[in-house]
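So the chains spell out like this:
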Amino acid sequence: MKKPPLIWTNLILFLLTFAGACILVPWRGISHGFELSEWLTFVLLAFASGLSITAGYHRLWSHKAYKSHPAVRFLFALGGALALQNSALHWASDHRIHHKHVDDNDKDPYSANMGFWYSHIGWMLREYQAQRYHDYNNVRDLQNDTIVMWQHKHYLLLALLMNVGLPALLGWLNGDILSMLLLAGLLRLVVVHHCTFFINSLAHIWGKQPYTDRNSARDNGVLALFTYGEGYHNFHHIFENDYRNGIHWWHYDPTKWLIRFLSWFGLTKDLRKSPQERIEAAKLQMQLKRAQHKVAHLPNCEEILEKLQAEYEELKSHLLAYFEAKKALLEARKQQLADKHLLSQVTEMRLRFRAQRKQWRQLQASIA
Ligand SMILES: [Zn+2]
Ligand SMILES: [Zn+2]
């Protein structure tokens, strides 16, 4: 089969920036050395551009996981231009298709089924899905966002200003334009490119699937370190409107922290969270599925399967009852009607749920 034509602009851009970062940056480092202030600017701009993609392009514009103040959106638009990953409008359009048709080689723009190279960068090197371009039907809502449209219209100029103008200006202020251009401009661009590209490639290949196995997305705490918290991609693909990707406090998700931090000042609001009982139920269902799969080959499997199913149903009903009671208590508190009875009911439901979960875990362990 004949391969689609190359997209020369992208190819040359990726090749030149990568080669430049591999050759020019070490050359400058050896022959001249870099200052701490230059490294700090590298880190600062890496976070500014990376977080503009994850918090802005991804969670805000693609998924509407929260609302944000125009000042924040303006900064995300600039940071997105700095990350050099096309306009927010184009990016969000691609990304919404990715979620809708995940792993479908004909429709998903960066389908993980096509392998690491394709989902990482290959999809941008050829006109694989030419019919998709310039059709922004699935981002009509974003076309009403003046900041998104302003960035889309002036994208090339903004990208140049942010990637060349800004590092040059910072370098001039610091007394060494070339070093700053190489470190905070070039190296930063390449590193952030590949770190964010990992979300489409590695986050669909490497890791666990605690919430769903209906698509290739994976949860991976190590990958979260390189992707501004987007390594919890299995969770993300099932609860895509949640402003968090790492749901536990110990999960490294700086994107989530930024969104929450800004909300303390009223700069972001309406942060969407998936109901905890739905998250727990999804996890439970995957555990049941895994256990069923494990025992399927055993001689007395029917008996174990029956027990598994019964314990699962029991745990799920306890789970729902516990969260129902919690919700009732919360509601009552809002109307200042909470009483001892409601409180003790929640405590009792929680104890029952935990006892049943302990039993469930023992059963899982005995199967393993
Ligand atoms: Zn994905
Ligand atoms: Zn997404």
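What comes next concerns the included structure. (Residues numbered from 1 in each chain as written. Chains lettered and ligands numbered in written order. Predicted model: local features only at pLDDT ≥ 70, side-chain atom pairs only at ≥ 80, totals over all residues. Heavy atoms only, no water.)

## What to know about helix α7 (residues 155-174)
Selection rule: Numbering goes from the N terminus for both helices and strands, where a helix is a DSSP run of H or I of at least four residues and a strand is a run of E of at least two. The span you would expect from a helix comes to 1.5 Å times its residue count less one. Note on bend: the value at a residue is the angle between axes fitted to the seven residues ending there and to the seven starting there. A simple rule labels every residue: compare its accessible area, found with a 1.4 Å probe on the protein chains alone, to the largest value its type can have, and call it buried under 20%, exposed over 50%, or partly exposed in between. Residue contacts are defined here by distance: any two heavy atoms, one from each residue, within 4.5 Å place the two residues in contact.
In a regular helix each residue adds 1.5 Å, so 20 residues correspond to 28 Å; α7 covers 27 Å between its end C-alpha atoms and thus fits that length. The sharpest bend along α7 measures roughly 30° and falls at Leu161. Listing the buried residues of α7 in full gives Tyr155, Leu158, Ala159, Met162, Asn163, Pro167 and Gly171. Contact partners of the buried residues in α7: α2 (36-62), α3 (70-83), α6 (146-153) and α8 (177-197).

## Here's the deal with the pattern of salt bridges
Rules: Salt bridge, as applied in this entry: a Lys or Arg side-chain nitrogen positioned within 4 Å of an Asp or Glu carboxyl oxygen.
Taken as a whole, this structure holds 13 salt bridges when the rule is applied. The closest approach of N and O atoms between Lys327 and Glu277, which form a salt bridge, is 3.2 Å. On the criterion of sequence distance, the pair formed by Lys327 in helix α13 (residues 301-334) and Glu277 in helix α12 (residues 276-295) is long-range, its members being 50 residues apart. Classification of Lys327 by relative accessible area gives partly exposed; the value is 45%. By relative accessible area, Glu277 is classed as buried at 16%. Here Lys334 and Glu331 are joined by a salt bridge, their closest N and O atoms 3.9 Å apart. Placement of the pair is Lys334 and Glu331 together in helix α13, with a separation of 3 residues, close to one helical turn. Given the relative accessible area of 39%, Glu331 is considered partly exposed.

## Observations concerning the coordination of the zinc ion (ligand 1)
Defined as follows: Water is not among the atoms examined, so metal sites may look incomplete; donors are the N, O and S atoms within 2.8 Å of the metal, or within 3.2 Å for Na, K and Ca. Any site counts as irregular unless it has four donors with all angles between 85 and 135 degrees, making it tetrahedral, or four or six donors with opposite ones more than 155 degrees apart and the rest between 65 and 115, making it square planar or octahedral.
Taken together, His98 (NE2), His204 (NE2), His233 (NE2) and His237 (NE2) make up the full set of protein donors to the zinc ion (ligand 1), lying 2.1 Å away. What the 4 donor atoms of the zinc ion (ligand 1) show is an angle range of 94 to 161° at the metal, which sorts the shape as irregular. In the primary sequence, the donor residues of the zinc ion (ligand 1) line up as H-x105-H-x28-H-x3-H. Taken as a pair, the zinc ion (ligand 1) and the zinc ion (ligand 2) show a spacing of 5.9 Å. You can see His98 sitting in helix α4 (residues 88-100) and its partner His204 sitting in the loop between α8 and α9 (221-226), a full 106 residues away along the chain.

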